[in-house]
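Listed below are the residues making up each chain.
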Amino acid sequence: MIRNNVVLVGFMGTGKSTVGKMAARRLGWTFVDSDAWIEEKTGKTIPELFGEQGEAVFREHEREALRELLNGENVVLATGGGAVLAEENRTCMLEGGLVIALTAPVAEILERVRGDRNRPLLQGNVEERVAALMEKRRGAYDFAHVTIDTAGIEPAAAADLIVKAVRSRRL
Ligand code: S3P
């Protein structure tokens, strides 16, 4: 039995937080962002965690965040783009809620993440970083129960599609 939560997965810049907040409001559920939870718990920003302790330590916090945050009900959880890479996390997500992958055209992703100092994996040449990571993560989001392509649609429309997916699932 899958829990009554929504788990948003997708590459950085696909709009998980923006769309997730809107969907949560419409459902009357709580929105949580796993990166924000980790920052609050550790008292450090994501770049500080990566810089001071390394990615592996960040991934441990992320694993714990998913377990903790998917323990309840009526939560819309926005996960970090790399959370799907660990099989244990994918299992936790599939049991923890309706897993919805957001996809967006690479041009839109670049538009959103360009100049962002809070994403350690995209520092430097952002075009190259995004292209390399996308290649490396090809297919990584395909395990989701539902995929929503946000190309050319407003965040509000994507949020509506999430609400519809939740409601049709419950019937
Ligand atoms: C990451 C995505 C980020 C954040 C961290 C690593 C990734 O979250 O968890 O910088 O590996 O794709 P967003 O997808 O919310 O940007």
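Look above for the structure.
Now for a description of the structure that goes with this document. Since the model is a prediction, treat every value here as computed from it, not as a measurement.

1. Section: the site of the ligand
Here is step 1: Near the ligand, the surroundings consist of 13 residues, among which Lys-16, Arg-59, Gly-81, Arg-119 and Arg-137 are the closest.
Here is step 2: Within the contact set of the ligand, an oxygen atom lies 2.5 Å away from a side-chain nitrogen or oxygen of Lys-16.
Here is step 3: For the ligand, whose unbound accessible area comes to 390 Å², protein coverage reaches 95%.
Here is step 4: Its residues assigned to classes, the shell around the ligand comprises five nonpolar, three polar and five charged.

2. Some details on the nonpolar core
Buried together is how nonpolar side chains tend to be arranged in soluble globular proteins.
Here is step 1: Of all hydrophobic cores here, the largest spans 35 residues; its most connected members are Val-9, Leu-77, Met-93 and Val-130.
Here is step 2: With four residues, the top contributor of residues to this core is helix H4 (residues 55-69).
Here is step 3: Ignoring anything within four residues of it in the chain, the contact list for Leu-77 reads Val-6, Val-7, Leu-8, Val-32, Asp-33, Ser-34, Leu-66, Leu-69 and Leu-70.

3. Some thoughts on helix H2 (residues 34-42)
Here is step 1: Within H2, the full set of buried residues consists of Ser-34, Trp-37 and Ile-38. Down the axis, H2 shows its buried residues gathered within 100° of arc, on one side only.
Here is step 2: Those residues of H2 that are buried lie in contact with strand S2 (30-33), helix H3 (46-53), H4 and strand S3 (75-78).
Here is step 3: Where H2 begins, one side-chain oxygen reaches toward the backbone nitrogen of Asp-35, 2.9 Å away; that side chain belongs to Asp-33.
Here is step 4: Positive backbone phi, approximately 70°, marks Gly-43, located one or two places after H2.

What counts and how
Residues numbered from 1 in each chain as written. Predicted model: local features only at pLDDT ≥ 70, side-chain atom pairs only at ≥ 80, totals over all residues. Heavy atoms only, no water. Near = heavy atom within 4 Å. Polar contact = N/O pair within 3.5 Å; in protein donor to acceptor, adjacent residues only side chain to side chain. Areas by Shrake-Rupley, 256 points an atom, 1.4 Å probe, with all protein chains shown as cover. Nonpolar A, V, L, I, M, F, W, Y, C, P; charged D, E, K, R; others polar. Core = buried A, V, L, I, M, F, W, Y, C linked by side-chain atoms within 4.5 Å. Buried < 20%, exposed > 50% of the residue type's maximum accessible area, 1.4 Å probe, protein only. Helix = DSSP H or I, 4+ residues; strand = E, 2+ residues; numbered from the N terminus. Contact = heavy atoms within 4.5 Å. Arc of directions from axis to C-beta.

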